[in-house]
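# Chain and residue survey
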Amino acid sequence: PDLVARVAETRGRISISDTSGVPVFHCTFNTLRGLPPQKDQDHVRLRLWSAIDGLVFGCCRDARDTPTGQPAYNIFNHADMPFGVLRPTTPDKLGAYSIVTCSGREIIFYKTNEVGIQRAEDETGQLLAMVITSSPRCIRIGPEVDAGLVTLGMLGTGLLESDA
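Residues numbered from 1 in each chain as written. Predicted model: local features only at pLDDT ≥ 70, side-chain atom pairs only at ≥ 80, totals over all residues. Heavy atoms only, no water.

### Considerations on the overall build of the chain
In terms of helices and strands, the chain carries 1 helix and 11 strands. For the chain, the α and β elements follow one another from N to C terminus as β-β-β-β-β-β-β-β-β-β-β-α. With 164 residues in all, the chain has 39% of them scored as buried. Partitioning the intrachain contacts of the chain with sequence separation of at least 6 by distance along the chain shows that 27% fall at a separation of at least 24. Carbon and sulfur atoms form 54% of the exposed surface of the chain, whose accessible area is close to 9,200 Å². (Helix = DSSP H or I, 4+ residues; strand = E, 2+ residues; numbered from the N terminus. Buried < 20%, exposed > 50% of the residue type's maximum accessible area, 1.4 Å probe, protein only. Contact = heavy atoms within 4.5 Å. Areas by Shrake-Rupley, 256 points an atom, 1.4 Å probe, with all protein chains shown as cover.)

This is the structure in structure tokens:
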């Protein structure tokens, strides 16, 4: 699903399904940015959980803006412990975002020159996942890749683009 198309909604819920239409993940989103903590102690922008057993995979909360003033998200794991940061990459890679984990690993998300195609690669350039169709949005995720993290990253990049 493409959150950018739903930006008119302040809060909502979407389902992410497999190729046969069976929900795999559910995600809630919140398009309101930077609410003061006293108004909303748990200002989660995205929360991803299993459609099968309801277990939370992770969530994104607003982080301090990057030095260039662009929005970013802190990513938390299922236990609500810090996992990493989703942020725009360096200015020379316009439209690219990266997740940098607390352990130093990196996933880079970027759009190709083909309309609607987005790729996710690790820090070595290894392809992890890619959007293969845009309507409906279909993501192919490689073997031994954390599908929840890639899904959270792809949804998060769309929300970050709407924040910018």
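### Digging into unusual backbone geometry
Of note in this structure, Asp-80 is not a glycine but carries a positive phi near 65 degrees. Tracing the sequence through the fold places Asp-80 in the loop between β5 (73–77) and β6 (82–88). Here Glu-144, not a glycine, exhibits a phi torsion of approximately 60 degrees, which is positive. On the basis of relative accessible area, Glu-144 is assigned to the exposed category, the value being 87%.

### Some thoughts on the packing of aromatic side chains
Tallied over the full model, the rule gives 1 aromatic pair. A ring pair is formed by Phe-25 and Phe-57, whose centres lie 5.1 Å apart and whose planes are at 85 degrees; its orientation type is edge-to-face. Here Phe-25, found in strand β2 (residues 23–30), pairs with Phe-57, found in strand β4 (residues 56–62); they are 32 residues apart in sequence, far enough to count as distant. Residue classification places Phe-25 among the buried positions, given a relative accessible area of 7%. In this structure, Arg-61 packs its charged tip against the face of Phe-76, placed 4.7 Å from the ring centre. (Phe/Tyr/Trp six-rings, centres within 6.5 Å; stacked < 30°, edge-to-face > 60°. Lys NZ or Arg CZ within 6 Å of the ring centre and 35° of its normal.)

### Describing the side chain of Glu-121
Locating Glu-121 in the fold gives a position in strand β9 (residues 118–122). A distance of 2.7 Å separates polar atoms of two side chains, one belonging to Glu-121 and the other to Tyr-110. A distance of 3.1 Å separates a polar atom in the side chain of Glu-121 from a polar atom in the side chain of Arg-119. (Polar contact = N/O pair within 3.5 Å; in protein donor to acceptor, adjacent residues only side chain to side chain.)

### Quick look at the environment of Pro-143
Structurally, Pro-143 can be placed in the loop between β11 (137–141) and α1 (147–163). With a relative accessible area of 75%, Pro-143 lands in the exposed category. In this structure, the C-alpha to C-alpha distance between Pro-143 and Leu-128, residues 15 residues apart in sequence, is 8.1 Å.

### Here we look at the pattern of salt bridges
This structure, assessed with the given rule, holds 5 salt bridges. Where Asp-80 meets Arg-61, a salt bridge forms, and the shortest distance between an N and an O atom there is 3.0 Å. Here Arg-61 lies in strand β4 and Asp-80 lies in the loop between β5 and β6, a separation of 19 residues in the sequence. For Arg-61, a relative accessible area of 16% puts it in the buried group. (Salt bridge = Lys/Arg side-chain N within 4 Å of Asp/Glu carboxyl O.)

### Side note on α1
Helix length check: α1, at 17 residues, gives a terminal C-alpha distance of 24 Å against a target of 24 Å (1.5 Å per residue), a fit within 8%. For α1, the tally of buried residues reaches 14 of 17 residues, placing the bulk of the element in the interior. (Expected span 1.5 Å × (residues − 1).)

### Digging into the side chain of Thr-101
You can see Thr-101 is positioned in strand β7 (residues 97–101). Exposure remark for Thr-101: the relative accessible area of 12% places this residue in the buried category. Beyond its immediate chain neighbours, meaning those up to four positions away, Thr-101 contacts Phe-83 and Gly-84.

### Concerning the pairing of β7
Of all 5 residues making up β7, 4 are buried, and the element is well covered by its neighbours. In terms of strand pairing, β6 meets β7 through 5 bridges, oriented antiparallel. Bridge assignment links Gly-84 to a residue of β7, and that residue is Thr-101. Where β7 lies against strand β8 (residues 106–111), 4 bridges are found, and the strand directions are antiparallel. Following the sheet pairing, Val-100 is matched in β8 by Glu-106. Connecting β7 to the antiparallel partner β8 that follows it, the hairpin turn spans 4 residues, and Gly-104 within it adopts a positive phi of roughly 95 degrees. (Pairing = 2+ DSSP bridges.)

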